[in-house]
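# Results of the structural survey
Below, each chain spelled out in residue letters.
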Amino acid sequence: MKIAIAGGTGFVGKSLTDYLLDQNHEVFILTRNAAKASHHPRLSFVEWLKVNSAPETELQDVDAVINLAGESLNSGRWTEARKKRILESRVTATKEIVRILSSLPKKPKVLLNASAVGIYGISESETFTEEATQIGNDFLANTVSAWEQEANKASTLGVRTCFLRFGVVLGANGGALTRIVLPYQFFIGGTIGSGKQWLSWIHIDDVLKGIDFLLHHENVSGPINFTAPNPVQMKEFGQTAGTVLHRPHWLPVPGFALQLLLGEMSMLVLEGQKVLPKKLVENGFSFTYETVEKALSDIFRG
(Lines give C-alpha, C1' and ligand atoms only; values in the text may rest on other atoms or scores of the structure.)
Protein backbone atom coordinates (compact mmCIF):
# COMPACT_ATOMS: atom_id res chain seq x y z
CA MET A 1 0.00 0.00 0.00
CA LYS A 2 0.93 3.64 -0.42
CA ILE A 3 0.44 5.39 2.92
CA ALA A 4 0.79 9.07 3.83
CA ILE A 5 1.58 9.98 7.44
CA ALA A 6 1.25 13.41 9.03
CA GLY A 7 3.11 13.62 12.32
CA GLY A 8 5.52 10.91 11.23
CA THR A 9 8.44 12.27 13.25
CA GLY A 10 6.81 11.95 16.68
CA PHE A 11 6.99 9.06 19.15
CA VAL A 12 4.23 6.99 17.55
CA GLY A 13 4.97 8.28 14.04
CA LYS A 14 8.59 7.14 14.00
CA SER A 15 7.71 3.67 15.21
CA LEU A 16 4.83 3.45 12.76
CA THR A 17 7.00 4.50 9.82
CA ASP A 18 9.54 1.79 10.61
CA TYR A 19 6.76 -0.78 11.06
CA LEU A 20 5.08 0.03 7.75
CA LEU A 21 8.37 0.00 5.85
CA ASP A 22 9.11 -3.42 7.35
CA GLN A 23 5.70 -4.52 6.02
CA ASN A 24 6.84 -3.45 2.53
CA HIS A 25 4.50 -0.46 2.26
CA GLU A 26 5.49 2.78 0.55
CA VAL A 27 5.42 5.68 3.02
CA PHE A 28 5.08 9.43 2.42
CA ILE A 29 5.85 11.67 5.42
CA LEU A 30 4.11 15.05 5.37
CA THR A 31 6.57 17.55 6.79
CA ARG A 32 7.45 21.24 6.80
CA ASN A 33 11.04 20.26 6.04
CA ALA A 34 10.85 18.15 2.90
CA ALA A 35 14.47 18.93 2.04
CA LYS A 36 15.68 16.16 4.33
CA ALA A 37 17.10 13.18 2.48
CA SER A 38 15.46 9.79 2.60
CA HIS A 39 17.77 6.83 3.05
CA HIS A 40 15.07 4.28 2.28
CA PRO A 41 13.84 3.49 -1.24
CA ARG A 42 10.18 3.35 -0.13
CA LEU A 43 10.22 6.47 2.07
CA SER A 44 9.56 9.97 0.75
CA PHE A 45 9.15 13.37 2.39
CA VAL A 46 6.39 15.65 1.13
CA GLU A 47 6.19 19.35 2.04
CA TRP A 48 2.97 20.65 3.55
CA LEU A 49 1.56 23.49 5.70
CA LYS A 50 3.83 26.02 4.01
CA VAL A 51 3.02 28.83 1.61
CA ASN A 52 2.68 27.49 -1.93
CA SER A 53 3.10 23.85 -0.87
CA ALA A 54 0.87 21.42 -2.78
CA PRO A 55 1.26 17.99 -1.20
CA GLU A 56 -1.66 16.58 -3.19
CA THR A 57 0.49 16.55 -6.32
CA GLU A 58 2.68 13.86 -4.75
CA LEU A 59 -0.14 11.90 -3.13
CA GLN A 60 -2.24 11.06 -6.18
CA ASP A 61 -2.36 7.31 -5.63
CA VAL A 62 -2.18 6.92 -1.84
CA ASP A 63 -4.32 4.16 -0.37
CA ALA A 64 -4.44 5.48 3.18
CA VAL A 65 -3.74 8.64 5.18
CA ILE A 66 -2.74 8.54 8.85
CA ASN A 67 -2.91 11.84 10.73
CA LEU A 68 -0.89 11.96 13.96
CA ALA A 69 0.01 15.66 13.74
CA GLY A 70 -0.31 17.99 16.71
CA GLU A 71 1.77 19.75 19.33
CA SER A 72 2.76 17.52 22.24
CA LEU A 73 0.56 17.73 25.34
CA ASN A 74 3.32 17.01 27.83
CA SER A 75 6.24 19.18 26.79
CA GLY A 76 5.43 22.30 28.76
CA ARG A 77 3.09 24.05 31.20
CA TRP A 78 -0.36 24.72 29.79
CA THR A 79 -0.42 28.49 29.52
CA GLU A 80 -3.31 30.02 27.60
CA ALA A 81 -1.00 30.56 24.63
CA ARG A 82 0.16 26.96 24.72
CA LYS A 83 -3.36 25.58 24.97
CA LYS A 84 -4.23 27.63 21.91
CA ARG A 85 -1.28 26.07 20.03
CA ILE A 86 -2.27 22.54 21.14
CA LEU A 87 -5.78 23.02 19.78
CA GLU A 88 -4.88 24.94 16.63
CA SER A 89 -2.06 22.58 15.65
CA ARG A 90 -4.52 19.67 15.57
CA VAL A 91 -7.38 21.47 13.88
CA THR A 92 -5.16 23.19 11.30
CA ALA A 93 -3.39 19.97 10.33
CA THR A 94 -6.67 18.09 10.06
CA LYS A 95 -8.27 20.81 7.95
CA GLU A 96 -5.34 20.52 5.57
CA ILE A 97 -5.71 16.73 5.46
CA VAL A 98 -9.37 17.13 4.50
CA ARG A 99 -8.46 19.72 1.87
CA ILE A 100 -5.89 17.34 0.39
CA LEU A 101 -8.43 14.51 0.31
CA SER A 102 -11.02 16.71 -1.37
CA SER A 103 -8.55 17.64 -4.11
CA LEU A 104 -7.56 14.07 -4.98
CA PRO A 105 -9.46 12.61 -7.96
CA LYS A 106 -8.90 9.13 -6.56
CA LYS A 107 -9.68 9.13 -2.85
CA PRO A 108 -7.72 7.04 -0.36
CA LYS A 109 -9.66 4.14 1.11
CA VAL A 110 -9.25 5.29 4.69
CA LEU A 111 -8.25 8.15 6.98
CA LEU A 112 -6.94 7.07 10.37
CA ASN A 113 -7.00 10.22 12.49
CA ALA A 114 -5.40 10.38 15.91
CA SER A 115 -7.66 11.20 18.83
CA ALA A 116 -7.58 10.55 22.59
CA VAL A 117 -9.54 8.97 25.42
CA GLY A 118 -9.58 12.40 27.03
CA ILE A 119 -12.74 13.06 25.06
CA TYR A 120 -14.72 11.08 27.66
CA GLY A 121 -13.84 13.42 30.49
CA ILE A 122 -12.59 12.27 33.88
CA SER A 123 -14.16 9.70 36.20
CA GLU A 124 -13.13 7.21 38.88
CA SER A 125 -16.39 5.25 38.70
CA GLU A 126 -17.52 5.03 35.06
CA THR A 127 -16.31 2.71 32.31
CA PHE A 128 -16.21 4.06 28.77
CA THR A 129 -16.47 2.23 25.45
CA GLU A 130 -16.95 3.72 22.00
CA GLU A 131 -20.69 3.65 22.64
CA ALA A 132 -20.39 6.31 25.33
CA THR A 133 -22.26 9.50 24.50
CA GLN A 134 -20.70 11.52 27.32
CA ILE A 135 -18.19 14.16 26.32
CA GLY A 136 -16.13 15.83 29.02
CA ASN A 137 -16.13 19.58 29.64
CA ASP A 138 -12.43 20.13 30.30
CA PHE A 139 -9.70 21.42 27.98
CA LEU A 140 -8.63 17.99 26.74
CA ALA A 141 -12.17 16.82 26.02
CA ASN A 142 -13.01 20.01 24.14
CA THR A 143 -9.80 19.80 22.14
CA VAL A 144 -10.36 16.18 21.12
CA SER A 145 -14.00 16.86 20.25
CA ALA A 146 -13.02 19.72 17.92
CA TRP A 147 -10.30 17.52 16.41
CA GLU A 148 -12.71 14.68 15.64
CA GLN A 149 -15.34 17.03 14.23
CA GLU A 150 -12.82 18.34 11.73
CA ALA A 151 -11.62 14.85 10.77
CA ASN A 152 -15.18 13.62 10.34
CA LYS A 153 -15.54 15.89 7.29
CA ALA A 154 -13.48 13.28 5.41
CA SER A 155 -16.36 10.85 5.70
CA THR A 156 -18.52 13.19 3.60
CA LEU A 157 -15.97 12.69 0.81
CA GLY A 158 -16.59 8.95 0.82
CA VAL A 159 -13.41 8.17 2.78
CA ARG A 160 -13.74 5.62 5.60
CA THR A 161 -12.76 7.59 8.68
CA CYS A 162 -11.49 6.21 12.01
CA PHE A 163 -10.76 8.19 15.17
CA LEU A 164 -7.94 6.47 17.04
CA ARG A 165 -8.71 7.34 20.65
CA PHE A 166 -5.31 6.71 22.21
CA GLY A 167 -4.77 6.02 25.86
CA VAL A 168 -1.30 6.49 27.35
CA VAL A 169 1.08 4.84 24.90
CA LEU A 170 3.82 2.88 26.67
CA GLY A 171 7.16 2.45 24.93
CA ALA A 172 10.87 2.62 25.57
CA ASN A 173 11.78 5.46 23.24
CA GLY A 174 9.41 8.25 24.09
CA GLY A 175 5.97 9.16 25.28
CA ALA A 176 4.87 9.66 28.87
CA LEU A 177 6.29 6.46 30.37
CA THR A 178 9.85 7.69 30.91
CA ARG A 179 8.55 10.63 32.93
CA ILE A 180 6.10 8.56 34.95
CA VAL A 181 8.74 6.05 36.04
CA LEU A 182 11.63 8.51 36.46
CA PRO A 183 11.22 8.73 40.27
CA TYR A 184 11.60 4.94 40.49
CA GLN A 185 14.96 5.16 38.75
CA PHE A 186 16.11 7.28 41.72
CA PHE A 187 14.44 5.02 44.34
CA ILE A 188 11.83 7.66 45.22
CA GLY A 189 8.81 6.27 43.38
CA GLY A 190 5.38 6.16 44.93
CA THR A 191 1.68 6.74 44.45
CA ILE A 192 0.86 9.86 42.44
CA GLY A 193 -2.08 11.83 43.81
CA SER A 194 -4.88 9.72 45.24
CA GLY A 195 -3.76 6.64 43.31
CA LYS A 196 -7.41 5.95 42.47
CA GLN A 197 -7.31 7.69 39.09
CA TRP A 198 -7.53 5.33 36.13
CA LEU A 199 -4.74 4.90 33.61
CA SER A 200 -5.96 3.56 30.29
CA TRP A 201 -2.77 2.48 28.58
CA ILE A 202 -1.56 0.60 25.51
CA HIS A 203 1.82 -0.85 24.48
CA ILE A 204 3.36 0.80 21.41
CA ASP A 205 3.52 -2.58 19.63
CA ASP A 206 -0.24 -2.97 19.98
CA VAL A 207 -0.71 0.56 18.62
CA LEU A 208 1.21 -0.43 15.49
CA LYS A 209 -0.65 -3.74 15.17
CA GLY A 210 -3.96 -1.94 15.70
CA ILE A 211 -3.27 0.58 12.95
CA ASP A 212 -2.27 -2.23 10.60
CA PHE A 213 -5.49 -4.04 11.59
CA LEU A 214 -7.63 -1.03 10.66
CA LEU A 215 -5.88 -0.57 7.33
CA HIS A 216 -7.17 -3.99 6.32
CA HIS A 217 -10.56 -4.18 8.07
CA GLU A 218 -12.80 -2.06 5.90
CA ASN A 219 -15.89 -2.68 8.04
CA VAL A 220 -14.53 -0.70 11.02
CA SER A 221 -14.93 3.07 11.23
CA GLY A 222 -15.74 5.89 13.63
CA PRO A 223 -14.27 6.12 17.15
CA ILE A 224 -11.96 3.26 18.14
CA ASN A 225 -10.40 3.06 21.60
CA PHE A 226 -6.69 2.31 21.43
CA THR A 227 -6.31 1.04 24.98
CA ALA A 228 -5.38 -2.34 26.45
CA PRO A 229 -8.30 -4.42 27.78
CA ASN A 230 -7.07 -4.08 31.37
CA PRO A 231 -6.75 -0.45 32.51
CA VAL A 232 -5.34 0.05 36.00
CA GLN A 233 -5.53 2.64 38.73
CA MET A 234 -2.41 4.72 39.18
CA LYS A 235 -1.48 3.10 42.50
CA GLU A 236 -1.43 -0.35 40.88
CA PHE A 237 0.53 0.99 37.92
CA GLY A 238 3.16 2.43 40.26
CA GLN A 239 3.41 -0.75 42.29
CA THR A 240 3.84 -2.79 39.12
CA ALA A 241 6.49 -0.41 37.80
CA GLY A 242 8.38 -0.69 41.07
CA THR A 243 8.28 -4.48 40.93
CA VAL A 244 9.44 -4.64 37.31
CA LEU A 245 12.23 -2.11 37.92
CA HIS A 246 13.20 -3.69 41.28
CA ARG A 247 12.64 -0.35 42.99
CA PRO A 248 10.61 0.53 46.09
CA HIS A 249 7.15 2.02 45.82
CA TRP A 250 7.02 4.14 48.93
CA LEU A 251 7.19 7.92 48.53
CA PRO A 252 3.77 9.44 47.67
CA VAL A 253 3.57 12.45 45.37
CA PRO A 254 0.79 14.72 46.68
CA GLY A 255 -1.64 16.00 44.09
CA PHE A 256 -1.36 19.59 45.29
CA ALA A 257 2.40 19.53 44.73
CA LEU A 258 1.96 18.47 41.11
CA GLN A 259 -0.73 21.09 40.64
CA LEU A 260 1.64 23.78 41.90
CA LEU A 261 4.42 22.49 39.66
CA LEU A 262 2.46 21.79 36.46
CA GLY A 263 -0.74 23.77 36.78
CA GLU A 264 -3.63 22.51 34.63
CA MET A 265 -1.27 20.12 32.85
CA SER A 266 -1.19 18.03 36.07
CA MET A 267 -4.52 16.50 35.02
CA LEU A 268 -2.55 14.22 32.68
CA VAL A 269 -1.45 12.19 35.71
CA LEU A 270 -3.88 13.24 38.46
CA GLU A 271 -7.06 12.53 36.51
CA GLY A 272 -8.10 9.75 34.18
CA GLN A 273 -10.81 7.51 32.82
CA LYS A 274 -11.39 3.77 32.58
CA VAL A 275 -11.62 2.99 28.86
CA LEU A 276 -12.11 -0.38 27.16
CA PRO A 277 -11.28 -1.28 23.52
CA LYS A 278 -14.67 -2.77 22.71
CA LYS A 279 -14.55 -2.25 18.93
CA LEU A 280 -11.10 -3.75 18.45
CA VAL A 281 -11.96 -6.80 20.55
CA GLU A 282 -15.35 -7.37 18.91
CA ASN A 283 -13.75 -7.22 15.47
CA GLY A 284 -11.18 -9.87 16.31
CA PHE A 285 -8.10 -7.87 17.22
CA SER A 286 -5.70 -9.74 19.52
CA PHE A 287 -3.57 -7.75 21.95
CA THR A 288 0.00 -8.86 22.53
CA TYR A 289 0.15 -6.99 25.84
CA GLU A 290 -3.09 -7.34 27.80
CA THR A 291 -1.67 -6.60 31.26
CA VAL A 292 0.46 -3.72 32.44
CA GLU A 293 2.92 -6.12 34.07
CA LYS A 294 3.57 -7.86 30.75
CA ALA A 295 3.87 -4.51 28.94
CA LEU A 296 6.33 -2.99 31.43
CA SER A 297 8.35 -6.21 31.62
CA ASP A 298 8.77 -6.14 27.85
CA ILE A 299 9.78 -2.48 27.82
CA PHE A 300 12.25 -2.57 30.70
CA ARG A 301 13.57 -6.12 30.45
CA GLY A 302 13.28 -6.69 26.73
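Now for a look at the structure at hand. (Residues numbered from 1 in each chain as written. Predicted model: local features only at pLDDT ≥ 70, side-chain atom pairs only at ≥ 80, totals over all residues. Heavy atoms only, no water.)

What follows deals with unusual backbone geometry. Most of the time, phi is negative for any residue but glycine, and the peptide bond is trans. One non-glycine residue with positive phi stands out, namely Leu-49, at about 55°. Counting through the fold element by element, Leu-49 comes out in the loop between strand 3 (43–47) and strand 4 (64–67). We note that Asn-52 has phi near 70°; this positive angle belongs to a residue other than glycine. Locating Asn-52 in the fold gives a position in the loop between strand 3 and strand 4. (Helix = DSSP H or I, 4+ residues; strand = E, 2+ residues; numbered from the N terminus.)

Here the focus is helix 10 (residues 292–301). For helix 10, every residue scored as buried is listed here: Val-292, Ala-295, Leu-296, Ser-297 and Ile-299. At its buried positions, helix 10 is contacted by strand 8 (168–170), helix 4 (177–185), strand 10 (201–203), strand 12 (232–233) and helix 6 (234–245). (Buried < 20%, exposed > 50% of the residue type's maximum accessible area, 1.4 Å probe, protein only. Contact = heavy atoms within 4.5 Å.)

A side chain with one charge may pair with a side chain of the opposite charge, provided their charged atoms come close. Scanning the model with the defined rule gives 11 salt bridges in all. Residue Glu-96 is joined to Arg-99 by a salt bridge in which the shortest nitrogen-to-oxygen separation is 2.9 Å. One end of the pair, Glu-96, and the other, Arg-99, are both in helix 2 (residues 80–103), 3 residues apart, so they sit about a helical turn from each other. On the basis of relative accessible area, Arg-99 is assigned to the partly exposed category, the value being 31%. The closest approach of N and O atoms between Lys-153 and Glu-150, which form a salt bridge, is 3.1 Å. Classification of Lys-153 as partly exposed rests on a relative accessible area of 41%. (Salt bridge = Lys/Arg side-chain N within 4 Å of Asp/Glu carboxyl O.)

Bringing the pairing of strand 11 (residues 222–226) into the picture now. Most of strand 11 is tucked away: 5 of the 5 residues are buried. For strand 7 (residues 160–166) and strand 11, the ladder comprises 5 bridges, and the chain directions are parallel. When the sheet's bridge partners are listed, Leu-164 is paired in strand 11 with Ile-224. (Pairing = 2+ DSSP bridges.)

This part is about the nonpolar core. Among the nonpolar cores identified, the biggest contains 36 residues, and Ile-5, Leu-20, Ile-66, Leu-112, Val-207, Leu-214 and Phe-226 are the most heavily contacted of them. If you tally residues by element for this core, the top one is helix 5 (residues 204–216), at 7 residues. If you look at the next biggest cluster of nonpolar residues, it comprises 23 residues, including Leu-199, Val-244, Leu-258 and Ala-295. (Core = buried A, V, L, I, M, F, W, Y, C linked by side-chain atoms within 4.5 Å.)

For strand 2 (residues 26–31), the buried fraction is high: 5 of the 6 residues fall into the buried class. Here strand 1 (residues 2–6) pairs with strand 2 via 5 bridges, running parallel. Bridge pairing links Lys-2 to Glu-26 in strand 2. Where the polypeptide runs from strand 1 across helix 1 (residues 11–22) and back to strand 2, its parallel neighbour, the crossover connection is right-handed. Pairing geometry for strand 2 and strand 3, over 5 bridges, is parallel. Note on strand 3: the bridge partner recorded for Thr-31 is Glu-47. (Right-handed = clockwise from strand over helix to strand, strands pointing away.)

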